[in-house]
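# Examination of the molecular architecture
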Amino acid sequence: MAIVGCANRGTPADGSIETTFPTKSLATSLPRQLRVVTFNVHMETATRVLEGLRNDRALEHADLIVLQEVMRFDDAVPCSVACAIGKELGFHAIFAPGHAMGKGSLGVAIVSRAPITSAQVLELPYFNVHFNSGRRVAIAATLDVDSAPVTVYAVHLDNRLTITDRKKQMTPVLEHARRQHTPVIIAGDLNTSHFTWLAHVIPVPITTQDNRMEQLVRSYGFETPCHDSGPTHRYLGMKLDAIYTRGFDTVRFATADAKNVSDHLALWAVLHPSAPPRTLAAR
């Protein structure tokens, strides 16, 4: 969630996915359990984000980091904040610019200890929210986790939407994820505050939007294991961020402060691949 100005945002000159591969991987082998983090980094630098990750015990050993409000400060210099983080950690990284921001662009990213073998941009429905309107995208990526594919989505939805519009903006991700024959992780800032918005401008308090979003997600066959995470934003007790799964058991989850890097808290979860269903032996 961010309100940083009044201008609507243009489309980046280059909307392609930026990829970063470690020249020499500093990552150790993947554990049986994956520590997944989703974090809206509020347009901070790679140095600041790395400080938050490395100095928070809940985040320092993350295997998969899904980021929102990721800056590429100058599109003439093809290395975003996610790229710089990936290089420093020896991880794979991908960044998809959503809309222009100054000389650069703002978007979503995935930074992964596991190799990223493919990725594509999903265009999300556009809503003119009058302030900071811009193109919204998600990333759908395939990771090679111990020689098995896992599909991961990085998502950032608009802020000032009704729950009906928010569901519409999320639906392309859920439709795409439902067609995958792999375990799935969907993570990001869904901006599910306890407001609805008249004409995308006037906030009206409601209960929360996250419970209605979770109903939609479960109707697509995905689990909402971090339902009881509590607030993921520092103000007004807002729960804006989420991790949804299919094919994983969630061992534990919580929020992390990340040394006050952002107005968001980082949401993390430890996931264990679900055991395949048992089949009864023929008699």
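A brief structural summary. (Residues numbered from 1 in each chain as written. Predicted model: local features only at pLDDT ≥ 70, side-chain atom pairs only at ≥ 80, totals over all residues. Heavy atoms only, no water.)

## Quick notes on the packing of aromatic side chains
Both the distance between ring centres and the angle between the ring planes are used here to describe each pair of aromatic rings. We count it as follows: Within 6.5 Å between ring centres, the rings of Phe, Tyr and Trp (the latter by its six-membered ring) count as paired, and their orientation is classed by plane angle as stacked under 30 degrees, edge-to-face over 60, tilted in between. Charge-over-ring placement is defined geometrically: NZ (Lys) or CZ (Arg) within 6 Å of the ring centre, and within 35 degrees of the ring normal.
If you walk through the whole model with that rule in mind, you get zero aromatic pairs. It is Arg 35 that lies over the ring of Trp 268; its NZ or CZ is 4.6 Å from the centre.

## Some points on the sheet that holds strand E7 (residues 137–145)
For the record, the criterion: At least two bridges found by DSSP between two strands is the condition for calling them paired. Here a strand is any run of E in DSSP of at least two residues, a helix any run of H or I of at least four, and the numbering for each starts at the N terminus. Under this scheme, a helix contributes an axis fitted over its contacting stretch, all axes are lines through C-alpha atoms, and angles between N-to-C directions fall in the 0 to 180 degree range.
Read from one edge to the other, the open sheet built from five strands follows the order E6-E7-E8-E9-E12, with strand pairing classed as mixed. In the strand order of this sheet, the two ends are held by strand E6 (116–123) and strand E12 (241–246), each with one partner. On average, each strand axis in the sheet is inclined to that of its neighbour by 15°, with strand direction left out of account. As paired elements, E7 and strand E8 (residues 148–156) share seven bridges and run antiparallel to each other. Note that in E8 the partner of Thr 142 across the bridge is Thr 151.

## With respect to the environment of Leu 174
Under the convention used in this document: A 1.4 Å probe rolled over the protein chains alone gives each residue an accessible area, and that area as a share of the maximum for its type sets the label: buried under 20%, exposed over 50%, partly exposed in between. Throughout, a contact is declared for two residues whenever any of their heavy atoms are within 4.5 Å.
Within the secondary structure layout, Leu 174 lies in helix H3 (residues 163–178). Here Leu 174 falls in the buried class, since its relative accessible area comes to 0%. For the pair Leu 174 and Ile 186, spaced twelve residues apart in sequence, the C-alpha separation works out to 8.8 Å. In contact with Leu 174, other than residues within four places in its own chain, are Ile 186, Leu 216, Val 217, Tyr 220 and Phe 222.

Shape is all these values report; function is a separate question.
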